[in-house]
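Survey of secondary and tertiary structure
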Amino acid sequence: MEDEVVVEAKQLLVRYGDFTAVDHISFAVRRGEIYGFLGANGAGKTTTIRVLCGLLPPTSGDVRVAGIGYRQDEAPLKAVARPPWGMRISAGGYERVERTIKTKVGYMSQKFTLYNDLTVGENLDFIASLHKMAPAVYRRRRQELLEFISFKKNLGDMVGELSGGIKQQVSLAAAMLHDPEIVFLDEPTAGVTPAGRLRFWKLIRRLAENGKTVFVTTHYMDEAEQCGRIALMRDGRLIAEDSPAGLKKLIFPEPVFEFDPIKPLSFSELKSFETHEAFSFFQPYGHRFHAAAANAEVWARRAPDLRTIFSIRPIAPSLEDVFIRAIEGRR
Amino acid sequence: MAAGEPISIQVRDVHKEFRRFEALHGITLDFDPGLMHGIIGPEGSGKTTLLRILLGLMRPAQGRILYFEGGRPASFDVLRPHIAYMPQAQSLYPDLSIEEHLAFFRDLYGIQPRAYAEKRAELLSVSRLAPFVDRPAGQLSGGMYKKLGLMCALLRSPRVIVLDEPTTGVDPISRRELWELLYRLLDQGILVLVTTAYLDEAERCSKVHLIESGSVIASGEPRALLDDQKARSFDELFLRRAAGSASE
């Protein structure tokens, strides 16, 4: 069962009116994978997730999630203006399909999915009732999940009074309440502190170890490093897909160096290095810089000069470097 | 170019009692012009409270904020129009386009047509938002939305700009573009005050002030602070601290 594909999209297309949000993308995610979905804001990540969760019908293409397949016929669909219910659809009916998928997937959206003016317990009660969970099953799941996230506050605490990190963990528990096979996490850690993000990712890894499939988007590249595979999206298209190490090799075939300025650089000096002939890539990274050599010959000629300004050491490119080069399409 | 003399701010022993979170217990800091000051600290440490007090949106329970113009004491009321603020959750008008936002703030601030035309062109060019001027704010991506917020704040050429987590939820490329916009301001002698949860950004500040539980625990140039703590990066420093207090 390890290699079983649980999320699959083939030639998935989503249009909002004239705007193509997702442009014929295809991918397959296996059970127990942590699959990262990266891209600039507006690249089509959230739209894709909404289709996979059964919240938005695709304009065309095939989607199969947890063994349930569905597709929308080619007819362009005004998904924004009109919900798909009752429209002409393929065998099975969209609405029925959508209901079944919701029992198999959990979804934690970008914005908080909990009500701030309800207590933790009331929020969970409410979600359990949406899923029509039997009381005994619900109480057992709630207990398991609160232990899973090491919840030390009270069920009677208002969600609005929790810190951002704890709130995110409770949101995760809420998304997992009905014991879905697959969980979609859309920027789950935006605005959470570094320590809170670490704790959250420990939970994500444990979910995957327990056979859950995790589909996650993030703008934090240190988090993306922890994904098994990553898909890079740009303008609705999937431009690369590989493990973090594989993506680094693919996007940076040439050697990469860390440049540590011996004295601080002014803004104009920094700008001049971005277009310096020795580099095919030059980007700030904290107070240091990551650079790729344009070619061996120019590098050999210019390196002695550069060593008077920077201390230089070879490094592996970071995923942030990969993101910038791949998404921006800069030289 | 910011008209008028540079503004600096001194915070002296500021206290604020405020529910459980975000209290301040005797903050003393100097914010000099032409520098990017990063205020770094865990959630609930008091960063936003400090910013709100600096901006006159809240009174300290104890202590003083001193404002200076060209090195001479000045009253906050006189300087207020020259201090801009970009809050964490900024509310722009979802159904107004970028162009309409700029025009709205032009009228609100009473900016003269010629000055406006120049400023508008400059901001659209450095923000790379020129192709999107007709797009409503509600349809902008997270990064573009933040850039529009910054443009509206910069429209009247402030001498101080205060930004509360400007890059949260913004992709790595837009994040760099926002920082480039901020760096440009420094060359004009503007005082930039920024909070961030991204520790690589902390390293790009001229000075960082680490705040924990309402007190300043360290303050200085990032390189010096890191050398002092024998850490290679702020990421490393914070992970070490987090490991030390994993019980939160």
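Details of the structure are given in the entry above.
Let me sum up the structure you'll find in this document. (Residues numbered from 1 in each chain as written. Chains lettered and ligands numbered in written order. Predicted model: local features only at pLDDT ≥ 70, side-chain atom pairs only at ≥ 80, totals over all residues. Heavy atoms only, no water.)

1. Focus on the pattern of salt bridges
Residue and element names in this part refer to chain A. Taken as a whole, this structure holds 40 salt bridges over all chains when the rule is applied. With its nearest N and O atoms 2.8 Å apart, the salt bridge here joins Arg31 to Glu4. With Arg31 in the loop between strand S2 (19-30) and strand S3 (34-39) and Glu4 in the segment before strand S1 (5-16), this pair connects stretches of sequence that are 27 residues apart. Glu4 gets classed as partly exposed once you look at its relative accessible area, which sits at 28%. With its nearest N and O atoms 3.1 Å apart, the salt bridge here joins Glu274 to Lys271. You can see Glu274 and its partner Lys271 sitting in helix H9 (residues 267-274), three residues apart, about one turn around the helix. (Salt bridge = Lys/Arg side-chain N within 4 Å of Asp/Glu carboxyl O. Helix = DSSP H or I, 4+ residues; strand = E, 2+ residues; numbered from the N terminus. Buried < 20%, exposed > 50% of the residue type's maximum accessible area, 1.4 Å probe, protein only.)

2. Quick look at the sheet that holds strand S6 (residues 105-108) of chain A
To summarise the sheet geometry, strands pair through backbone hydrogen bonds and adopt either a parallel or an antiparallel arrangement. All names here are of chain A. Taking strand neighbours across the sheet as the criterion, the six strands line up as S6-S7-S8-S3-S9-S10 in an open arrangement whose pairing is mixed. For this open sheet the edge positions go to S6 and strand S10 (237-242), each flanked by a neighbour on one side alone. Neighbour-to-neighbour, the strand axes of the sheet open up by a mean angle of 15°, direction not taken into account. In terms of strand pairing, S3 meets strand S8 (residues 213-217) through four bridges, oriented parallel. Directly across from Phe37, in S8, lies its bridge partner Thr217. Against the sheet, helix H5 (residues 164-176) engages S6 and strand S7 (182-186), with an angle of about 155° to S6. Sitting on the sheet, helix H8 (residues 244-251) touches strand S9 (229-234) and S10, and the angle it makes with S10 is about 115°. (Pairing = 2+ DSSP bridges. Axes fitted to C-alpha atoms, helices over the stretch in contact; angles between N-to-C directions. Contact = heavy atoms within 4.5 Å.)

3. What about the sheet that holds strand S9 (residues 207-212) of chain B?
Residue and element names in this part refer to chain B. On the basis of which strands lie adjacent, the open sheet formed by six strands has the order S6-S7-S8-S3-S9-S10 and mixed pairing. The open sheet terminates on both sides in strands that have one partner only, identified here as strand S6 (83-86) and strand S10 (215-220). The sheet shows a mean angle of 15° between the axes of neighbouring strands, direction not considered. Packed on one face of the sheet, helix H8 (residues 222-229) meets S9 and S10 and runs near 110° to S10.

4. Remarks on the environment of Ala218 of chain B
By secondary structure assignment, the location of Ala218 of chain B is in strand S10. The sequence separation of Ala218 of chain B and Val208 of chain B amounts to 10 residues, and the corresponding C-alpha distance is 8.0 Å.

5. Some details on the interface of chain B and chain A
Between chain B and chain A, the residue contacts involve 36 residues of the former and 37 residues of the latter. Carbon and sulfur atoms supply 51% of the area buried between chain B and chain A, which totals about 3,200 Å² over both sides. A per-residue breakdown of the area chain B buries against chain A is headed by Ile173, Arg176 and Arg232 of chain B, which together make up 20% of the total. Counting across the chain B and chain A interface gives five salt bridges. Here chain B and chain A share 10 residue pairs in polar contact (both at pLDDT 80 or more) between them. Looking at the side of chain B that touches chain A, the elements that each hand over two or more residues are helix H5 (142-154), helix H6 (172-186), helix H7 (199-203), H8 and helix H9 (234-244) of chain B. A total of nine residues in the side of chain B that touches chain A trace back to one element, the largest contributor, which is H6 of chain B. (Buried area = accessible area lost by both parts, 1.4 Å probe. Polar contact = N/O pair within 3.5 Å; in protein donor to acceptor, adjacent residues only side chain to side chain.)

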